[in-house]
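Summary of the model geometry
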Amino acid sequence: RKQKMKVGALCCLVVAVTAQKSYDGYKVLRTGTLDQDKADLLRDVQTDTHLDFWKEPAPGRSADIMTSSDEMESVMAWLSSNGITFHTMVEDVETLIQETKPAAKTAKSEGKRYAMDWADYHDLDTLNEFITALADANDFASIIPIGQSYEGREMNVLAITKAGPGAPNIWLEAGIHAREWIAPAVATFIVRELVEDYAEHPDYLDKINWYFIPSANPDGYAYSHEHDRLWRKTRSDHGSILGCKGVDPNRNWGFHFGESGVSHNKCQETYCGPEAFSEVEMQNIRDFVQTLDPVPVLGHCFHSYSQLWLWPYGYGYNALPENWEEIKQLAIDASDALYQVHGTVFDPINSADLYPAAGASDDWYKGVLGTRFSFTTELRDTGNHGFVLPKDQIIPSGEEMWAGFEVVINRLIELELE
């Protein structure tokens, strides 16, 4: 049997809930390009240990593994003994976290309807205040409460329905993974552009209705701000004897649930939950989007990191929707437009080509809800900062994503006219 990596099973499980978790001495190692065998080997390690893979092992790509100073030696020795090359990508995770820490919360300044801006990362209240302010300022926009999270936080959707009944609907989902802070930042950047710069592109609101949730995982997001910057999952309790909390909400959807790329260990980052839709937040989103009529033409999910424009399906190799060619082409065209802005390269690929993972929301939007198009964008960067992206990259990220989005919107308007 191949040699197992011995890693402290209880590392980082028991964290005092009062303080911010420190990542002092943690590094992120990046492997060399993996072949199938080495990727499989690392996937076994991912299942058997509590190592945090920032980037999953996939053939033809590198994996990123965060490791504490205590485990560093054994992890490095294991990688070397298995012929897996690596280098240190992030020298000190805590330094990155401190450098990107949000400024103390400010109340909205005089004359401003909201405190939200794109020079910093913002907490859940600020995100919700922002969408509420847009709804208050525009008679064609409203807030739809879709239920509460596990810990009782309100989940609010911004509905922009200027186009009115019968027009195509678009659904935007951000922040399903708590630590991917750039996702709600860029998604709100796009929504602000749509609404406040309406005069520059009136068709985008006159011909399409938009529905947007800024944080699909509000408990996790709050936890990542208050206690543990690198928290990914929800915060639900499924009776783990080790006290591990939460489910990976992007493995919790009821389409090919649990078939690939998930863990059934409650302490793992990719724990899919005891059953599909065990998480109330995912139930709330599911129940809401199923009320939309017509069925949304697009479901779009914002994630980070890796600079990818992913299209379905992700649950298995060669599992393609019947209209995969038009979906793939739109991903390519959007990535081309995105590149023109700041020279940022996004790779438009099929989700499963990255690594098969079942139970993701984008697969469900396409396979069950029946959206014509479904995308997941993995935003900046490609790993220098990973999840802890500097604040000065928020606006450029938003600008390039907007350019990609314009291609998508214009294509959807064209299709409507056909």
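The structure we're discussing is the one just above.
The final tally for this structure, using the stated rule, is 1 disulfide. The partner cysteine of C244 in its disulfide is C267, sulfur to sulfur 2.0 Å. Residues C244 and C267 are joined by a disulfide whose S-S torsion is about 90 degrees; by sign, that bridge is right-handed. One end of the pair, C244, is in the loop between helix 7 (218–226) and helix 8 (280–289); the other, C267, is in the loop between helix 7 and helix 8, with 23 residues separating them in the sequence. C267 matches C244 in its accessibility class, with the two residues each being buried. Between C301, a free cysteine, and C272, which holds the nearest cysteine sulfur, the sulfur-to-sulfur gap is 18 Å. C301 sits in the buried class, given a relative accessible area of 1%.

What follows concerns the environment of G370. Here G370 lies in the loop between helix 11 (361–369) and strand 12 (373–379). Given a relative accessible area of 42%, G370 falls into the partly exposed group. Filtering out sequence-adjacent residues up to four positions away, G370 remains in contact with V295 and Y365.

Here D293 and P294 are connected by a cis peptide whose omega angle stands at 0 degrees. Relative to the assigned elements, P294 resides in the loop between helix 8 and strand 9 (298–304). That bond from P312 to Y313 is cis: its omega, 0 degrees, falls within 30 degrees of zero. Note on placement: Y313 falls in the loop between strand 10 (308–311) and helix 9 (324–342). A positive phi is found at F277, a non-glycine position, where the angle reads about 60 degrees. Positionally, F277 belongs in the loop between helix 7 and helix 8.

This brings us to the pattern of salt bridges. Across all of its chains, the model carries 23 salt bridges by this definition. For E56, the salt bridge identified is with R251, shortest N-O distance 3.6 Å. Linking E56 in the loop between strand 2 (52–55) and strand 3 (64–67) with R251 in the loop between helix 7 and helix 8, this pair joins segments that are 195 residues apart in sequence. Note on accessibility: E56 and R251 belong to one class, buried. The salt bridge partner of D219 is R153, with a shortest N-O separation of 2.8 Å. With D219 in helix 7 and R153 in the loop between strand 5 (141–148) and strand 6 (154–160), the pair connects residues that are 66 residues apart, well separated along the chain. For R153, a relative accessible area of 23% translates into the label partly exposed. Each of R43, E56, R232, D248 and R251 takes part in one network of salt bridges that share partners.

With that settled, consider the packing of helix 4 (residues 124–137) against helix 5 (residues 182–196). Axes are the key here: two packed helices are described by the angle between their axes and the distance separating the axes. The geometry of helix 4 relative to helix 5 is characterised by a closest axis approach of 11 Å and an angle of 10 degrees between their N-to-C directions. Classified by the angle their axes make, helix 4 and helix 5 are roughly parallel. Facing L127, F130 and L134 of helix 4, the residues of helix 5 in contact are P184, T188, V191, R192, V195 and E196. Each residue belonging to the contact of helix 4 with helix 5 can be placed in one class, and the counts come to 6 nonpolar, 1 polar and 2 charged.

Our focus in this paragraph is the pairing of strand 12. Most of strand 12 sits out of view: 7 of its 7 residues are buried. Side chains of strand 12 alternate between two faces, with F373, F375, T377 and L379 and S374, T376 and E378 buried alike. Note: strand 9 against strand 12, 7 bridges, orientation parallel. The residue bridging H300 from the neighbouring strand is F375, located in strand 12. Pairing of strand 10 with strand 12, which is carried by 3 bridges, proceeds in the antiparallel orientation. Looking at the pairing, W309 lines up with T377 of strand 12.

Turning to the nonpolar core, a few remarks are in order. The biggest cluster of nonpolar side chains holds 59 residues, and the ones touching the most others in it are W210 and F302. Per element, the largest residue contribution to this core is 10 residues, and it comes from helix 5. For W210, the contacting residues outside a window of four places in its chain are L158, A159, I160, I170, L172, L194, Y204, L205, F405 and I409. Membership of the second largest hydrophobic core comes to 25 residues, among which are W171, I176, M282 and Y365.

For the rest of this paragraph, the subject is the environment of A137. You can see A137 is positioned in helix 4. In sequence terms A137 and R113 are 24 residues apart; their C-alpha atoms lie 8.6 Å from each other.

Reading across from one edge, 5-6-8-7-9-12-10-11 is the order of the 8 strands in this open sheet, with mixed pairing throughout. One side of each edge strand has no neighbouring strand; the edge strands of this open sheet are strand 5 and strand 11 (347–350). Averaged over neighbouring strand pairs, the angle between their axes works out to 20 degrees when direction is ignored.

Ordered in space as 2-3-1-4, the 4 strands form an open sheet in which the pairing is antiparallel. At either end of the open sheet lies a strand with only one pairing partner, and these are strand 2 and strand 4 (86–90). Between one strand axis and the next, the sheet turns through 35 degrees on average, direction left out of account. Relative to strand 4, strand 1 (residues 27–31) is paired through 4 bridges, and the arrangement is antiparallel. Looking across to strand 4, one finds that R30 is bridged to H87.

Reading guide: rules and limits
Residues numbered from 1 in each chain as written. Predicted model: local features only at pLDDT ≥ 70, side-chain atom pairs only at ≥ 80, totals over all residues. Heavy atoms only, no water. Disulfide = S-S within 2.5 Å. Helix = DSSP H or I, 4+ residues; strand = E, 2+ residues; numbered from the N terminus. Buried < 20%, exposed > 50% of the residue type's maximum accessible area, 1.4 Å probe, protein only. Contact = heavy atoms within 4.5 Å. Salt bridge = Lys/Arg side-chain N within 4 Å of Asp/Glu carboxyl O. Axes fitted to C-alpha atoms, helices over the stretch in contact; angles between N-to-C directions. Parallel < 35°, antiparallel > 145°, perpendicular 65-115°, else oblique. Nonpolar A, V, L, I, M, F, W, Y, C, P; charged D, E, K, R; others polar. Pairing = 2+ DSSP bridges. Core = buried A, V, L, I, M, F, W, Y, C linked by side-chain atoms within 4.5 Å.

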